[in-house]
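One letter stands for each residue in the lines below.
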Amino acid sequence: MKRLLWSFWSVALLVSLTGMACAQGNPRGTSKLVLKGQTVSVEYGRPALKGRTVEQLLGKLGPGDVWRLGADKSTTFSTGADLAFGAVSIPKGEYSLWAQKVAGGWELVFNKQHGQWGMTHDAAQDLAATPLKESKGAKPEEMVTISLAKEGDGGAITIQWGEKVLSASFKAK
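Residues numbered from 1 in each chain as written. Predicted model: local features only at pLDDT ≥ 70, side-chain atom pairs only at ≥ 80, totals over all residues. Heavy atoms only, no water.

Asker: Quick one: what's the story with the side chain of serine 96, residue by residue and with numbers?
Answerer: By secondary structure assignment, the location of serine 96 is in strand β7 (residues 93–102). A relative accessible area of 0% means that serine 96 is categorised as buried. A polar atom in the side chain of serine 96 sits 2.6 Å from the backbone oxygen of glutamine 113. Excluding its chain neighbours within four sequence positions, the residues that come into contact with serine 96 are Ser74, Thr75, Val109, Phe110, Asn111, Gln113, His114 and Gln116. (Helix = DSSP H or I, 4+ residues; strand = E, 2+ residues; numbered from the N terminus. Buried < 20%, exposed > 50% of the residue type's maximum accessible area, 1.4 Å probe, protein only. Polar contact = N/O pair within 3.5 Å; in protein donor to acceptor, adjacent residues only side chain to side chain. Contact = heavy atoms within 4.5 Å.)

Asker: How would you sum up the pattern of salt bridges? Please name residues and give values.
Answerer: Pairs can form between side chains of opposite charge whenever their charged atoms are close. Under the criterion given, the structure shown has four salt bridges. Between glutamate 43 and arginine 28 there is a salt bridge, with the nearest N and O atoms lying 2.7 Å from each other. On the criterion of sequence distance, the pair formed by glutamate 43 in strand β2 (residues 38–45) and arginine 28 in strand β1 (residues 28–35) is long-range, its members being 15 residues apart. Exposure remark for arginine 28: the relative accessible area of 25% places this residue in the partly exposed category. One salt bridge connects lysine 136 with glutamate 163, and the closest N-O pair in it is separated by 3.5 Å. Of this pair, lysine 136 sits in strand β9 (residues 126–151) while glutamate 163 is found in strand β10 (residues 154–172), placing the two residues 27 residues apart along the sequence. (Salt bridge = Lys/Arg side-chain N within 4 Å of Asp/Glu carboxyl O.)

Asker: So what's going on with the pairing of β10? Which residues, and what values?
Answerer: Burial analysis of β10 places 15 of its 19 residues in the buried class, the great majority of the element. Pairing of strand β5 (residues 83–85) with β10, which is carried by two bridges, proceeds in the antiparallel orientation. Bridging from a neighbouring strand, leucine 83 pairs with alanine 172 of β10. With twelve bridges joining them, β9 and β10 adopt antiparallel strand pairing. Across the sheet, threonine 145 pairs through a bridge with glutamine 160, a residue of β10. Adjacent in sequence and paired antiparallel, β9 and β10 are bridged by two residues, among which glycine 152 carries a positive phi angle near 60°. (Pairing = 2+ DSSP bridges.)

Asker: Hey, could you go over the layout of surface pockets for me, with residue numbers and the actual values?
Answerer: In this structure, the largest pocket occupies an estimated 220 Å³ of space. Sorting the residues of the lining of the largest pocket by element identifies α2 (54–58) and β3 (66–67) as the ones contributing at least two each. (1 Å grid on protein atoms, 1.4 Å probe; cavity = no way out; pocket = protein on both sides within 12 Å on 5 of 7 lines; lining within 4 Å. Points joined across faces, edges and corners; volume = space filled by probe spheres on them.)

Asker: So what about the side chain of threonine 130? Which residues, and what values?
Answerer: In this structure, threonine 130 sits in strand β9. By relative accessible area, which is 5% here, threonine 130 ends up buried. With near-sequence residues (within four places) excluded, threonine 130 lies in contact with Phe85, Val88, Glu107, Leu108 and Phe110.

Asker: With reference to specific residues and values, describe the nonpolar core.
Answerer: If you look at the biggest cluster of nonpolar residues, it comprises 34 residues, and the most contacted ones within it are Trp67, Phe77, Phe85, Leu108, Ile157 and Phe170. In terms of residues, this core owes the most to one element, β10, which gives seven residues. Not counting residues up to four positions away in its chain, the partners in contact with phenylalanine 77 are Val40, Ser41, Val42, Leu83, Phe85, Gly93, Glu94, Tyr95, Leu97, Phe110, Leu148 and Ile157. (Core = buried A, V, L, I, M, F, W, Y, C linked by side-chain atoms within 4.5 Å.)

Asker: Describe the pairing of strand β8 (residues 105–111), listing the residues and the values that go with them.
Answerer: For β8, the tally of buried residues reaches six of seven residues, placing the bulk of the element in the interior. Pairing analysis gives seven bridges linking β7 to β8, with the strands arranged antiparallel. The residue of β8 that forms the bridge with tryptophan 98 is valine 109. Hairpin connection from β7 to β8: two residues lie between these consecutive antiparallel strands, with glycine 104 at a positive phi of about 85°. Across six bridges, the pairing between β8 and β9 is antiparallel. The partner of asparagine 111 across the bridge, within β9, is aspartate 126.

Below, the structure is given as structure tokens:
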């Protein structure tokens, strides 16, 4: 009986752990860039539109509401160098990224917490926010795509989903 009970609990634990490992149902994406010898990277979940529109999904957000820029585990932005997004300074380190709806557009929010699951956003942990430029993509993206690319002597982060494109430029200090 003891052996049977032990076997039952072992199988239950294995099933639970397998379920937790598979719970992150969306694929993960990454992008990296090297500026002044230091790596800047972003790692994020890639939800798909699946017949929906970005407006249906993000249009419900009001001013001050945040979008986690991906799915499942929070989007993680890592930088080995201090960065400047215009007048906004981001010290080297790891942050979660969020897009905040503001009157007339969006801001990119750097939050000191990272690795949290789902929509857990603690605004008290926000380090800084910088404006995002909004444009329309030439080709719609079915899945959220975040890219880092060289731009002049700095870089740019671009977020695209459907036809919505949000971007911001930065430089290594």
